[in-house]
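For reference, the chains in residue letters:
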Amino acid sequence: MNGLAVHEPPIASTSWRVALPHTTAAVPVARALVRTALAEREHSADCDTAELLTAELVANAVEHTSGSTPIELVVRLLPTGCQVEVHDADPEPPGDLTRPSPLGVPDPWQEHGRGLLLIRTLSSSCGHRPTESGKAVWFRLPGQRRPV
């Protein structure tokens, strides 16, 4: 190898982990937390999209799980964007998150049924995984340079 070899360590990720109440009041709190977290980095993900998808994950966790166990929001700022996870106590995976619904496009006249479609469509990747206390549902958004 000719010349000097330079190794620059990657920028470390930063993360937040917050317990939220198992109520609909958690949705605007989660949106505000994501907005605040994304303001930390110059090359962060699209804040509006991150807030929307976070609201969908938290609303789904509140609506589709029972009990009063808190929901946990985890926001990771990565050198390449961000990852948001919502943890809940129900081990059952979310339907139609990683594959389109066999029923096709949601009915535009219904109030429900578009959240997972939005997450699949607007995120760079998404999924779910089991945890010791239930499951984590997550999405990733790529980073983008903010205007100067």
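Just above sits the structure.
Residues numbered from 1 in each chain as written. Predicted model: local features only at pLDDT ≥ 70, side-chain atom pairs only at ≥ 80, totals over all residues. Heavy atoms only, no water.

Caption draft 1: Fine view of the pattern of salt bridges. Summed over all chains, the structure comprises six salt bridges. The residue Arg31 makes a salt bridge to Glu51 at a minimum N-O spacing of 3.5 Å. One end of the pair, Arg31, is in helix H1 (residues 26-38); the other, Glu51, is in helix H2 (residues 47-64), and 20 residues separate them in sequence. Among the ionic pairs, Lys135 bridges to Asp88, the shortest N-O distance being 2.9 Å. (Salt bridge = Lys/Arg side-chain N within 4 Å of Asp/Glu carboxyl O. Helix = DSSP H or I, 4+ residues; strand = E, 2+ residues; numbered from the N terminus.)

Caption draft 2: Geometry of the packing of aromatic side chains. Applying the stated rule across the entire model yields zero aromatic pairs. One Lys or Arg, Arg140, reaches over the ring of Trp138 and ends 4.7 Å from the middle of that ring. (Phe/Tyr/Trp six-rings, centres within 6.5 Å; stacked < 30°, edge-to-face > 60°. Lys NZ or Arg CZ within 6 Å of the ring centre and 35° of its normal.)

Caption draft 3: Seen up close, the environment of Ala61. Residue placement: Ala61 occurs in helix H2. Counting along the chain gives 76 residues from Ala61 to Val137, while the straight-line C-alpha distance between them is 9.0 Å. In this structure, Ala61 is in contact with His22, Ile71, Val86 and Asp88, ignoring residues within four places of it in sequence. (Contact = heavy atoms within 4.5 Å.)

Caption draft 4: Spatial organisation of the packing of H2 against helix H3 (residues 115-122). Contact geometry for H2 and H3: axes closest at 9 Å, N-to-C directions at 145 degrees. In this structure, H2 meets H3 at a crossing whose hand is left-handed. For the pair formed by H2 and H3, the contact residues are Thr49, Leu52, Leu53, Glu56, Leu57 and Asn60 on the first element and Gly115, Leu116, Leu118, Ile119 and Leu122 on the second. Of the residues belonging to the contact of H2 with H3, the class tally is seven nonpolar, three polar and one charged. (Axes fitted to C-alpha atoms, helices over the stretch in contact; angles between N-to-C directions. Left-handed = near helix turned anticlockwise from the far one by under 90°. Nonpolar A, V, L, I, M, F, W, Y, C, P; charged D, E, K, R; others polar.)

Caption draft 5: Expanded view of the environment of Ser15. Here Ser15 lies in strand E1 (residues 14-20). A relative accessible area of 47% places Ser15 in the partly exposed class. On a C-alpha basis, the gap between Ser15 and Ala37 in space is 8.5 Å, while along the polypeptide they are 22 residues apart. Once residues lying within four places of it in the same chain are set aside, the contact partners of Ser15 are Val75 and Arg76. (Buried < 20%, exposed > 50% of the residue type's maximum accessible area, 1.4 Å probe, protein only.)

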